[in-house]
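A structural walkthrough
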Amino acid sequence: MRRVVFNQKGGVGKSTIACNLAAISAARGRRTLVIDLDPQGNSTRYLLGVAGADLKLNLAEFFGQLVSFGLYQKEVEAFVHATPFPNLFVMPSHPELENISAKLESRYKIYKLRDALGRLEGTFDEIILDTPPAMNFYTRSALIAAEGCLIPFDCDDFSRRALYTLLDTVREIREDHNRSLFVEGIVVNQFQARASLPVKLVQELRDEGLPVLASHLSPSVKIRESHEVSRPMIHYAPGHKLAHEFVALHDELLAMVRRAAEEQESSVA
Ligand SMILES: Nc1ncnc2c1ncn2[C@@H]1O[C@H](COP(=O)(O)OP(=O)(O)OP(=O)(O)O)[C@@H](O)[C@H]1O
Ligand SMILES: [Mg+2]
């Protein structure tokens, strides 16, 4: 399963959700890879700590060799690094990603990530792609490489309007480049169940037929602490409400994937 966490808006929880879902999947014994396509490198830091910034074999190096004329090109596996957590791996980001994107774009390298992930198919059970808060080369590469698309939503009225554009973007990529891409759902993050406005907003999204997932994530300062110590919630505070909510979200998505696979099997039979 390849999943992209996508929303052009910044700070909605993409990296937090990508890393916490990945940590749960890995803790359940599935070999899981996080691909950090954001030059900010938040997921890299979250899963590898400060050591993540020093890794030479990072994504900027991976993409860089696509536009250089080096004789010796490293295989994609060389860019995968183990984290301190069993079964959890990262392809780390680097600030240089920012500088090479125009070159990659102009040389039509948009399918290269998908090709590379195809070569990792037998190695990982789950791949999660974290994207930058922009619709750029890396975001498009991720949408072309992924199957499932998860959209974090921060209960803000402005972001609500942006959701429609976002869903159109996914539809367009699906039509033009990636027939396997589908929206798994919208994840409501920092949801205040006792405040009337967010509750009303989420209900309206449902009424409008948007695929809002049942599992919501509460706001909590614990997540900041978890970032600070570079330990996802199930390792840092497994008994915390937010850790339970991440597990519920993980299980909801897993159930959907299993159901879809069963339906496909029965339609083939
Ligand atoms: N459920 C939550 N409760 C409290 N704070 C949260 C929650 N989810 C995310 N945050 C905080 O919101 C900020 C943005 O989160 P995160 O970095 O995951 O978002 P992002 O969409 O990846 O941002 P960017 O677009 O910049 O990559 C972080 O400071 C994070 O600690
Ligand atoms: Mg992020």
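Now for a quick tour of the structure. (Residues numbered from 1 in each chain as written. Chains lettered and ligands numbered in written order. Predicted model: local features only at pLDDT ≥ 70, side-chain atom pairs only at ≥ 80, totals over all residues. Heavy atoms only, no water.)

This brings us to the site of ligand 1. Near ligand 1 you find 19 residues, and of these Gly13, Lys14, Ser15, Thr16 and Ser218 are the closest. Backbone polar atom of Gly13 to an oxygen atom of ligand 1: 2.9 Å apart, as the coordinates give it. Within the side chain of Gln40, one N or O atom sits 3.1 Å away from an oxygen atom of ligand 1. Computed on the free molecule, ligand 1 has an accessible area of 620 Å², of which 86% lies beneath the protein chains in the complex. Of all the secondary structure elements, the ones that give two or more residues to the shell around ligand 1 are helix H1 (14–27) and helix H9 (222–228). (Near = heavy atom within 4 Å. Polar contact = N/O pair within 3.5 Å; in protein donor to acceptor, adjacent residues only side chain to side chain. Areas by Shrake-Rupley, 256 points an atom, 1.4 Å probe, with all protein chains shown as cover. Helix = DSSP H or I, 4+ residues; strand = E, 2+ residues; numbered from the N terminus.)

Moving on: the environment of Leu48. In this fold, Leu48 is placed in helix H2 (residues 42–48). Counting along the chain gives 42 residues from Leu48 to Val90, while the straight-line C-alpha distance between them is 8.1 Å. Once residues within four sequence positions are removed from consideration, Leu48 is found in contact with Leu55, Ala82, Thr83, Val90 and Pro92. (Contact = heavy atoms within 4.5 Å.)

Right, let's get into the nonpolar core. Judged by nonpolar contacts, the single largest core of 52 residues is most densely connected at Leu33, Ile35, Leu37, Phe63 and Leu129. With six residues, the top contributor of residues to this core is helix H6 (residues 137–145). Beyond its immediate chain neighbours, meaning those up to four positions away, Leu37 contacts Leu59, Phe63, Leu97, Leu113, Leu129, Asp130, Pro132, Tyr138 and Ala142. In terms of nonpolar packing, the next biggest core, distinct from the first, is built from 30 residues, Ile17, Ile128, Leu150 and Ile234 among them. (Core = buried A, V, L, I, M, F, W, Y, C linked by side-chain atoms within 4.5 Å. Buried < 20%, exposed > 50% of the residue type's maximum accessible area, 1.4 Å probe, protein only.)

This next bit is on the pattern of salt bridges. Counting across every chain of the model gives 16 salt bridges. The partner of Arg2 in a salt bridge is Glu121, and the shortest N-O contact between them spans 2.9 Å. With a gap of 119 residues between them, Arg2 in strand E1 (residues 2–5) and Glu121 in the loop between helix H5 (112–119) and strand E5 (126–130) connect regions that are remote in the sequence. Classification of Arg2 by relative accessible area gives buried; the value is 13%. Where Arg119 meets Glu75, a salt bridge forms, and the shortest distance between an N and an O atom there is 3.9 Å. You can see Arg119 sitting in helix H5 and its partner Glu75 sitting in the loop between helix H3 (59–64) and strand E3 (81–82), a full 44 residues away along the chain. On the accessibility criterion, Arg119 (46% relative accessible area) is partly exposed. Since its relative accessible area comes to 48%, Glu75 is described here as partly exposed. Because the salt bridges share partners, they merge into one network encompassing Arg3, Arg30, Glu126 and Glu184. (Salt bridge = Lys/Arg side-chain N within 4 Å of Asp/Glu carboxyl O.)

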